[in-house]
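In case you want the letters, here they are:
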Amino acid sequence: MSQPRHWGYPILLTGLPAALLAVFGAVQALNAPLLTDPTPLLGRAGPAAALIGVALLLADVAIPVPSSLVMVANGALFGVLPGTLLSLLGGLGATLVAFGLGRRSRGLLARTTTPAQRARAERLLTRYGLLAVLVTRPVPVLAETVALLAGTTTLRWWRVTVASAAGVLPTALIYAAAGATAQSGLS
């Protein structure tokens, strides 16, 4: 007799945030300077700093990056518009990485859930998933969890991209403006 397949979603909904928080706790305990305050790594404005800023925001899918500090640093180094665009690129990329991981995990979810559970999740995420991606994008841990769950459904890449961009843009703009304002006050 086979095992009942009903634990996939509860494990995903609790296990993924718990794992991300455990990594966050480990990084904090290790006091890794790169992941507690990456601004010294960004250094001066230039291609390397831009690449590092975007890469750190992308890495936020799996490791705890202080994305608000990175976005403020983008604004301080590059100004409001370029800083916003760099932060938008990194935040959007993080959503798409998590969404892609969700796509790759469909087989595992099929083995750990029932068809009825998947159908219910599909209905919920088809109805509210894009709104959830948009609203949770600025929320650490929850944003990655929602994007990954959205990836397990039939939601289209382009729709998730638009929802994510709409969710990241206000935060990226506010932080870039704060960084640019602080930088101009120091000059």
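Placed above this text is the structure.
The rules we used
Residues numbered from 1 in each chain as written. Predicted model: local features only at pLDDT ≥ 70, side-chain atom pairs only at ≥ 80, totals over all residues. Heavy atoms only, no water. Helix = DSSP H or I, 4+ residues; strand = E, 2+ residues; numbered from the N terminus. Buried < 20%, exposed > 50% of the residue type's maximum accessible area, 1.4 Å probe, protein only. Contact = heavy atoms within 4.5 Å. Areas by Shrake-Rupley, 256 points an atom, 1.4 Å probe, with all protein chains shown as cover. Patch = residues over 30% accessible without salt bridge, like charges linked within 9 Å, V, L, I, M, F, W, Y side chains within 5 Å. Salt bridge = Lys/Arg side-chain N within 4 Å of Asp/Glu carboxyl O. Expected span 1.5 Å × (residues − 1). Bend = angle between axes of the 7 residues up to and from the residue. Phe/Tyr/Trp six-rings, centres within 6.5 Å; stacked < 30°, edge-to-face > 60°. Axes fitted to C-alpha atoms, helices over the stretch in contact; angles between N-to-C directions. Left-handed = near helix turned anticlockwise from the far one by under 90°. Nonpolar A, V, L, I, M, F, W, Y, C, P; charged D, E, K, R; others polar. Parallel < 35°, antiparallel > 145°, perpendicular 65-115°, else oblique.

**Topic: the overall build of the protein**
Consideration 1: When helices and strands are counted, the protein shows 10 helices and zero strands.
Consideration 2: In the protein, the succession of helices and strands from N to C terminus is α-α-α-α-α-α-α-α-α-α.
Consideration 3: Here the protein holds 187 residues, and 40% of them are scored as buried.
Consideration 4: The long-range share in the protein, meaning contacts at least 24 apart out of those at least 6 apart in sequence, stands at 84%.
Consideration 5: Surface accessibility of the protein: about 10000 Å² in total, with carbon and sulfur atoms responsible for 72%.

**Side note on the side chain of Asp 60**
Consideration 1: Examined against the element boundaries, Asp 60 turns out to sit in the loop between α4 (47-59) and α5 (67-78).
Consideration 2: Not counting residues within four places of it along the chain, the set of residues in contact with Asp 60 comprises Val 65, Ser 67 and Glu 144.

**Some remarks on a nonpolar patch on the surface**
Consideration 1: On the surface, Leu 124, Tyr 128, Leu 131, Leu 134 and Val 135 cluster together into a nonpolar patch covering about 460 Å² of accessible area.
Consideration 2: Along the chain, Val 135 falls in helix α8 (residues 115-136).

**Brief notes about α8**
Consideration 1: Across its 22 residues, α8 extends only 27 Å between first and last C-alpha, which sits more than 12% below the 32 Å expected from 1.5 Å per residue.
Consideration 2: Helix geometry: α8 is bent most strongly at Tyr 128, by close to 60°.
Consideration 3: Along α8, the residues that are buried comprise Gln 117, Ala 121, Leu 125, Gly 129, Leu 130, Val 133 and Thr 136.

**Brief notes about the packing of aromatic side chains**
Consideration 1: Tallying each qualifying case throughout the model produces one aromatic pair.
Consideration 2: With 4.7 Å between their ring centres and 80° between their planes, Phe 99 and Trp 157 make a pair best called edge-to-face. In this pair, Phe 99 sits in helix α6 (residues 80-104) while Trp 157 sits in helix α10 (residues 157-186), placing the two residues 58 residues apart along the sequence.
Consideration 3: With a relative accessible area of 0%, Phe 99 lands in the buried category.

**Structural notes on the packing of α4 against α6**
Consideration 1: It is at 7 Å that the axes of α4 and α6 come closest, and there the two elements cross at 35°. The hand of the α4/α6 crossing is right-handed. Facing α4, whose interface residues are Ala 50, Val 54, Leu 57 and Leu 58, α6 presents Leu 86, Ser 87, Leu 89, Gly 90, Gly 91, Gly 93, Ala 94 and Val 97.
Consideration 2: Classifying every residue of the contact of α4 with α6 gives eight nonpolar, four polar and no charged.

**Digging into the side chain of Thr 152**
Consideration 1: Along the chain, Thr 152 falls in the loop between α9 (142-151) and α10.
Consideration 2: Apart from the residues within four sequence positions on either side, Thr 152 is in contact with Gly 102, Arg 103, Ser 105, Arg 106, Leu 109 and Glu 122.

**Here's the deal with the environment of Gly 15**
Consideration 1: Here Gly 15 shows up in helix α1 (residues 8-30).
Consideration 2: On the accessibility criterion, Gly 15 (29% relative accessible area) is partly exposed.
Consideration 3: Each C-alpha atom, one on Gly 15 and one on Thr 145, is 9.8 Å from the other, the two residues being 130 residues apart in sequence.

**Some words on the packing of α4 against α5**
Consideration 1: Put simply, α4 and α5 touch, their axes get as near as 10 Å, and they point 160° apart. Considering the angle they form, α4 stands roughly antiparallel to α5. At the point where α4 passes α5, the crossing takes the left-handed sense. Side by side, α4 and α5 meet where Ala 49, Ala 50, Gly 53, Leu 56 and Leu 57 of the first sit next to Ser 67, Val 70, Met 71, Asn 74, Leu 77 and Phe 78 of the second.
Consideration 2: For the contact of α4 with α5, the class distribution of residues is eight nonpolar, three polar and no charged.

**Regarding unusual backbone geometry**
Consideration 1: Even without a glycine there, the phi angle at Val 141 is positive, about 70°.
Consideration 2: Tracing the backbone through its elements, the reader meets Val 141 in the loop between α8 and α9.

**Some points on the environment of Ser 164**
Consideration 1: Topologically, Ser 164 is positioned in helix α10.
Consideration 2: The exposure class assigned to Ser 164 is buried, which follows from its relative accessible area of 0%.
Consideration 3: Each C-alpha atom, one on Ser 164 and one on Leu 88, is 9.2 Å from the other, the two residues being 76 residues apart in sequence.
Consideration 4: Beyond its immediate stretch of four places on either side in the chain, Ser 164 contacts Gly 91, Leu 92, Thr 95, Val 133 and Arg 137.

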